[in-house]
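# Fold and contact review
If you want the building blocks of each chain, they are given just below.
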Amino acid sequence: MTEKHKAEVHAYETLTPDVVLDALASVGLLGDGRLMALSSYENRVYQVHLESPVGDADLAGDVVVAKFYRPDRWTDEQIAEEHAFAAELMAAEIPVVGALVLEGRTVHHFKGFSFSVSPSRGGRRPELDNLEVLEWIGRFLARIHTVGSAKPFVHRPALNLQTFGLAPRDILLGGSSGTHGYIPLDMESRWRKAFEEAMLVAQTVFESVGDVKNLRLHGDCHPGNILWTPEGLPLAGPHFVDLDDARTGPAVQDLWMLVSGDRAQCTRQLGALVDGYEEFREFDRRELALIEPLRTLRLVHYSAWLAQRWHDPIFPINFPWFGSSDYWKGQVDMLEEQTEAMQDPPLVC
């Protein structure tokens, strides 16, 4: 990291427990002092116990989750659009956890932070080796996409080669800023070569697939963003959390992160997801060829995400290996592997 990257001070250092409680009080929610930070690198998220019920809001034990959005990432319009999408999904009886409407709005401000408040919902990670669980998730993903296809996002970006490939490349290499960037000099040329070869293949695959329908997506549908309630309990089954990365893209983006293992395992898991999905909505199987290009784009985007967040104090603590030559050698190796994977026959189901 350059001295400039190290010297920046992040606004989250001012987000003390008192500020969190005062922010909630500003929208009429009085915490009783019990406050617990939840796992989140992108935003700051807290579970807060309240002194009294919140009107007619459906809150479990009068516990809420307060999310303080990373400054300068999303505009208020983009955050509100995420909230509106969640509200549409909940109106369609899809189990999504959305922001509460407090004082007539869902996006609030306090001491330079934008924040929202949601009900607290518990659950465990879904058992993705259980094909019935995958079918259940597939059914709800189809319903999410049915709502998502009804109209486009206006303010939130799309997932494509530009936003998840070329723009992250410019961040990592320093772009036109005149700074060196984040990749060590001994690895920069190797990474650039691997990136360019991977993007060329990815572009070829996208072009070969042709036009596919882009719609509003969850956008970051990995197992950690699905909470599972066992059968026999209220609200049994999956519920979806954290629409913070909601954006426009192909439907398969919300499926591929839920499959893992060797090719045979991925085929079985994907087959179960699509079986459930197609109970409610047709799935365009041409999109299966996009799985490896999308995985490649996520790989590049992830490195740029780490780079952009490096001045946040929690990132050097939790990702100490980032920026090392060994890290970038690993990235080169993965890009080369992905270049080969993108040229293999796609999964079928």
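Residues numbered from 1 in each chain as written. Predicted model: local features only at pLDDT ≥ 70, side-chain atom pairs only at ≥ 80, totals over all residues. Heavy atoms only, no water.

## What to know about helix α10 (residues 325-341)
Here α10 spans 24 Å end to end across 17 residues, near enough to the 24 Å set by a 1.5 Å rise per residue. Along α10, the residues classified as buried are Tyr327, Trp328, Gln331, Val332, Leu335, Gln338 and Thr339. Seen along its axis, α10 keeps its buried residues to an arc of 140 degrees; they face one direction. Turned more than 90 degrees from where α10 packs its buried face, Asp326, Glu337 and Glu340 sit exposed. (Helix = DSSP H or I, 4+ residues; strand = E, 2+ residues; numbered from the N terminus. Expected span 1.5 Å × (residues − 1). Buried < 20%, exposed > 50% of the residue type's maximum accessible area, 1.4 Å probe, protein only. Arc of directions from axis to C-beta.)

## Looking at the packing of helix α6 (residues 185-209) against α10
α10 packs onto α6 with a crossing angle of 20 degrees between their chain directions and a minimal axis gap of 9 Å. Classified by the angle their axes make, α6 and α10 are roughly parallel. In this structure, α6 meets α10 at a crossing whose hand is left-handed. Contact residues: Asp186, Met187, Arg190, Trp191, Ala194, Phe195, Glu197, Ala198 and Val201 in α6; Ser325, Trp328, Lys329, Gln331, Val332, Asp333, Leu335, Glu336 and Thr339 in α10. Each residue belonging to the contact of α6 with α10 can be placed in one class, and the counts come to nine nonpolar, three polar and six charged. (Axes fitted to C-alpha atoms, helices over the stretch in contact; angles between N-to-C directions. Parallel < 35°, antiparallel > 145°, perpendicular 65-115°, else oblique. Left-handed = near helix turned anticlockwise from the far one by under 90°. Contact = heavy atoms within 4.5 Å. Nonpolar A, V, L, I, M, F, W, Y, C, P; charged D, E, K, R; others polar.)

## Things to note about a negative patch on the surface
Taken together, the side chains of Glu336, Glu337, Glu340 and Asp344 define an acidic patch exposed on the protein surface. Topologically, glutamate 336 is positioned in helix α10. (Patch = residues over 30% accessible without salt bridge, like charges linked within 9 Å, V, L, I, M, F, W, Y side chains within 5 Å. Areas by Shrake-Rupley, 256 points an atom, 1.4 Å probe, with all protein chains shown as cover. Salt bridge = Lys/Arg side-chain N within 4 Å of Asp/Glu carboxyl O. Lys, Arg positive; Asp, Glu negative; His and termini not counted. Charge placed at Lys NZ, Arg CZ, Asp CG, Glu CD.)

## Examining helix α4 (residues 131-148)
For α4, which comprises 18 residues, the first-to-last C-alpha distance of 25 Å matches the rise-based estimate of 26 Å (1.5 Å per residue) to within 8%. Listed in full, the buried residues belonging to α4 are Val133, Leu134, Trp136, Ile137, Gly138, Phe140, Leu141, Ala142, Ile144, His145, Val147 and Gly148. Buried positions along α4 lie against α3 (76-91), β6 (214-216), β7 (226-229), β8 (237-240) and α7 (263-277). The backbone nitrogen of glutamate 132 has a side-chain oxygen 2.9 Å away, supplied by the residue at the start of α4, namely asparagine 130. (Polar contact = N/O pair within 3.5 Å; in protein donor to acceptor, adjacent residues only side chain to side chain.)

## Considering the pattern of salt bridges
The full count for this structure, using the stated rule, is 22 salt bridges. Aspartate 170 is the partner of arginine 169 in a salt bridge, and the nearest nitrogen-oxygen pair spans 3.1 Å. The class of aspartate 170 is partly exposed, set by a relative accessible area of 34%. In this structure, the salt-bridge partner of arginine 285 is glutamate 278, at a minimum N-O distance of 2.8 Å.

## Concerning the nonpolar core
Ranked by internal contacts, the top residues of the largest apolar core, which has 74 residues, are Ile137, Leu141, Trp191, Phe240 and Phe322. Sorting the residues of this core by element identifies α3, α4, α5 (161-173), α6, β7, α7, α8 (291-308) and α10 as the ones contributing at least two each. With ten residues, the single largest contributor to this core is α6. Not counting chain neighbours up to four residues away, the residues in contact with isoleucine 137 comprise Pro126, Leu128, Ile226, Trp228, Pro238, Phe240, Leu258 and Leu273. (Core = buried A, V, L, I, M, F, W, Y, C linked by side-chain atoms within 4.5 Å.)

## A short note on the packing of α6 against α8
For any two helices packed against each other, the geometry comes down to the angle between their axes and how far apart the axes lie. One way to put it is that α6 packs onto α8 with a least axis distance of 10 Å and a crossing angle of 145 degrees. Classified by chirality, the crossing of α8 by α6 is left-handed. Every residue of α8 that contacts α6 at Trp191, Phe195, Ala198, Met199, Ala202, Val205 and Phe206 is listed here: Pro293, Leu294, Thr296, Leu297 and Val300. Split into classes, the residues belonging to the contact of α6 with α8 amount to eleven nonpolar, one polar and no charged.

## Some points on the pairing of strand β2 (residues 44-50)
Across the seven residues of β2, seven count as buried, placing the element largely inside the fold. The side-chain alternation of β2 yields two buried faces, one formed by Arg44, Tyr46, Val48 and Leu50 and the other by Val45, Gln47 and His49. Pairing geometry for strand β1 (residues 31-38) and β2, over five bridges, is antiparallel. Along β2, the bridge assignment pairs methionine 36 with glutamine 47. Hairpin connection of β1 to β2: five residues between the antiparallel strands. Where β2 lies against strand β3 (residues 63-68), six bridges are found, and the strand directions are antiparallel. By the bridge assignment, histidine 49 is partnered in β3 with valine 63. (Pairing = 2+ DSSP bridges.)

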